[in-house]
Amino acid sequence: MSELRVEETAPARAALAGRVLREPSVQLLASQVLTGGVAMAANILMVRSLSPTHRGEVALMLQVVYLATQVLLMGTERSFVAAYHNVAPAPAVRAYARLLAVPCLVFLSGAVIWHLAAPDRLTPSGVIVAMLAVFALIEATSLATRSIAIAVGRVRDFLVARVLEALLLLAMLIGLYVSGAARPELWFLAYLFAGATPTVVYLLIWTRLPVTAAATPLDPAVNRQVRREGLALFPAALSNMAMLRVDRLVIPALASTAALGHYASVATMTELLAWPVRAYADSRLGRWRASHREGTLRTAPILLAVGAYALVVVPIVAGGLYLLIEPLFGHDYADAKVVVLPLVVAAGLYAVSRVSLGLLIAKGHGGLVSAAEIIGFVVSFAAYLLLIPRLGILGAAYGSLAGYGACLVFAMIATNLVRER
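In this report, the structure presented in the accompanying data block is examined. (Residues numbered from 1 in each chain as written. Predicted model: local features only at pLDDT ≥ 70, side-chain atom pairs only at ≥ 80, totals over all residues. Heavy atoms only, no water.)

The helix and strand inventory of the protein stands at 15 helices and zero strands. For the protein, buried positions account for 52% of its 421 residues. Pairs at least 24 residues apart make up 83% of the contacts formed inside the protein by residues separated by at least 6 positions. Surface summary for the protein: the accessible area is close to 18900 Å², and the carbon and sulfur share equals 69%. (Helix = DSSP H or I, 4+ residues; strand = E, 2+ residues; numbered from the N terminus. Buried < 20%, exposed > 50% of the residue type's maximum accessible area, 1.4 Å probe, protein only. Contact = heavy atoms within 4.5 Å. Areas by Shrake-Rupley, 256 points an atom, 1.4 Å probe, with all protein chains shown as cover.)

Moving on, we come to the pattern of salt bridges. Overall, the coordinates contain five salt bridges when judged by the stated rule. Across the pair aspartate 157 and arginine 154 runs a salt bridge whose closest N-O atoms are separated by 2.6 Å. Of the residues examined, aspartate 157 reaches a relative accessible area of 9% and is grouped as buried. Overall, the relative accessible area of 29% leaves arginine 154 in the partly exposed class. Note that arginine 289 is salt-bridged to glutamate 229, the shortest N-O span being 2.6 Å. Residue arginine 289 is found in helix H11 (residues 275-294), and its partner glutamate 229 is found in helix H9 (residues 220-254); the two are separated by 60 residues along the sequence. A relative accessible area of 6% means that arginine 289 is categorised as buried. (Salt bridge = Lys/Arg side-chain N within 4 Å of Asp/Glu carboxyl O.)

Take empty space enclosed by the protein next. Considering all chains together, one arrives at three cavities of 30 Å³ or more under this definition. In this structure, the second largest cavity spans a volume of roughly 70 Å³. Around the second largest cavity, the lining residues are Arg78, Arg278, Ala281, Asp282, Leu285, Arg354 and Gly358. Breaking the lining of the second largest cavity down by element, the ones donating at least two residues are H11 and helix H13 (340-362). The dominant element in the lining of the second largest cavity, judged by the number of residues it contributes, is H11, at four residues. For the lining of the second largest cavity, the per-class residue count stands at two nonpolar, one polar and four charged. (1 Å grid on protein atoms, 1.4 Å probe; cavity = no way out; pocket = protein on both sides within 12 Å on 5 of 7 lines; lining within 4 Å. Points joined across faces, edges and corners; volume = space filled by probe spheres on them. Nonpolar A, V, L, I, M, F, W, Y, C, P; charged D, E, K, R; others polar.)

Here we come to the packing of aromatic side chains. Between two aromatic rings, the relevant description is the distance of the centres plus the angle of the planes. Counting across every chain of the model gives five aromatic pairs. Judged by centre distance (5.3 Å) and plane angle (45 degrees), the rings of tyrosine 350 and tyrosine 404 are tilted. In this pair, tyrosine 350 is assigned in helix H13 and tyrosine 404 in helix H15 (residues 393-420), connecting sequence segments 54 residues apart. An identical accessibility class is assigned to tyrosine 350 and tyrosine 404; each is buried. Between the aromatic rings of phenylalanine 377 and phenylalanine 381, the centroid separation amounts to 5.7 Å while the plane-to-plane angle is 25 degrees, which identifies the pairing as stacked. Placement of the pair is phenylalanine 377 and phenylalanine 381 together in helix H14 (residues 366-391), with a separation of four residues, close to one helical turn. The side chain of lysine 337 reaches across the aromatic face of tyrosine 322, ending 5.1 Å from its centre. (Phe/Tyr/Trp six-rings, centres within 6.5 Å; stacked < 30°, edge-to-face > 60°. Lys NZ or Arg CZ within 6 Å of the ring centre and 35° of its normal.)

Any functional reading would require information that these geometric values do not contain.
Below, the structure written as structure tokens:
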């Protein structure tokens with residue numbers, strides 16, 4: 001009898017495992033965990049190969065790209081997921097291409113004008129400007145494919161593309177490490193090529209897939225709705241990215257690129273704390289909106305679960321990272337230990353805020369989301385200006401903690417007010 005039960009439960013367990021692995025949030029989490037693992041490896045390879053000053057230059061170029069990406073997307077990455085359900089891949093790609101066309105043209109024109117008109121002291125070489133512009137387009141397209149994959153139910157394709165990107169990036173970075181490459185732009189180019197290849201390949205594949213009869217036809221009015229809702233969320237997207245990245249831009253101005261190298265070596269790793277929660281929130285956005293319309297959305301259990309996650313993970317990560325900095329990065333990065341605790345706590349607060357803001361988006365309150373992100377950015381930026389000249393990278397860490405905390409407090413208050421209303 002016991003053998004029969006084992007035989008019966010084995011297929012059931014396999015089926016359960018298959019369902020879990022096919023769950024979009026699990027696949028999104030897997031893609032982010034993979035990206036995070038490669039980011040950690042890349043961070044170690046760079047700090048072992050580059051001086052803190054050159055490591056800071058790579059970090060600075062990446063932050064410029066990440067900020068420019070949000071300008072190109074204009075807040076549409078979440079509004080697209082919320083508006084489109086069960087659509088075919090090829091029409092979805094064309095719909096998002098129409099959303100990106102004008103911002104991309106304006107952005108490229110602005111890059112050319114900036115390079116030609118800006119004083120030499122305010123602009124890098126033409127090659128650097130071109131690399132920054134091209135990589136920004138690639139990153140925007142990559143984030144767009146993430147939204148498309150969620151909307152059309154092809155998150156597995158997105159996961160495969162990120163696996164290919166991770167393998168390419170890791171191979172190129174190892175090659176740079178082995179060859180002793182010390183020029184920051186070479187390391188930046190590795191990110192550019194690794195991001196471009198799988199993104200272009202899967203866009204070509206998706207545009208050639210047939211449209212099935214079960215797919216929901218696209219309505220041009222929906223794309224206009226996506227644009228309107230995206231514009232409402234654009235201040236949130238821009239402020240969120242600025243809140244995440246402006247510290248990397250302020251540190252070189254108020255301290256030094258060497259200080260940025262120390263800071264970025266830790267911040268790159270602590271950011272990984274929020275990635276699983278953000279993947280969960282993004283994958284559930286459409287479902288939360290449907291539940292809200294049906295009157296069945298319960299926010300309290302969701303927020304309690306993510307709060308428990310932060311309370312469990314934060315102390316473990318803080319202790320482990322503090323002990324590993326010198327063995328991983330070397331003695332030159334020992335000064336970075338001071339920012340571990342505030343950055344880890346800040347990452348925990350940021351993770352909880354992603355779910356709270358996602359629930360507000362599902363309820364159609366994009367304006368409140370933008371207000372929360374703007375408040376977080378203003379608080380963090382003011383703290384950077386006040387504290388970095390006095391405390392260096394520790395001031396930047398405290399500024400991030402203050403900004404993420406302010407964003408979370410406003411989001412929780414707004415969530416409670418909306419629920420009561």
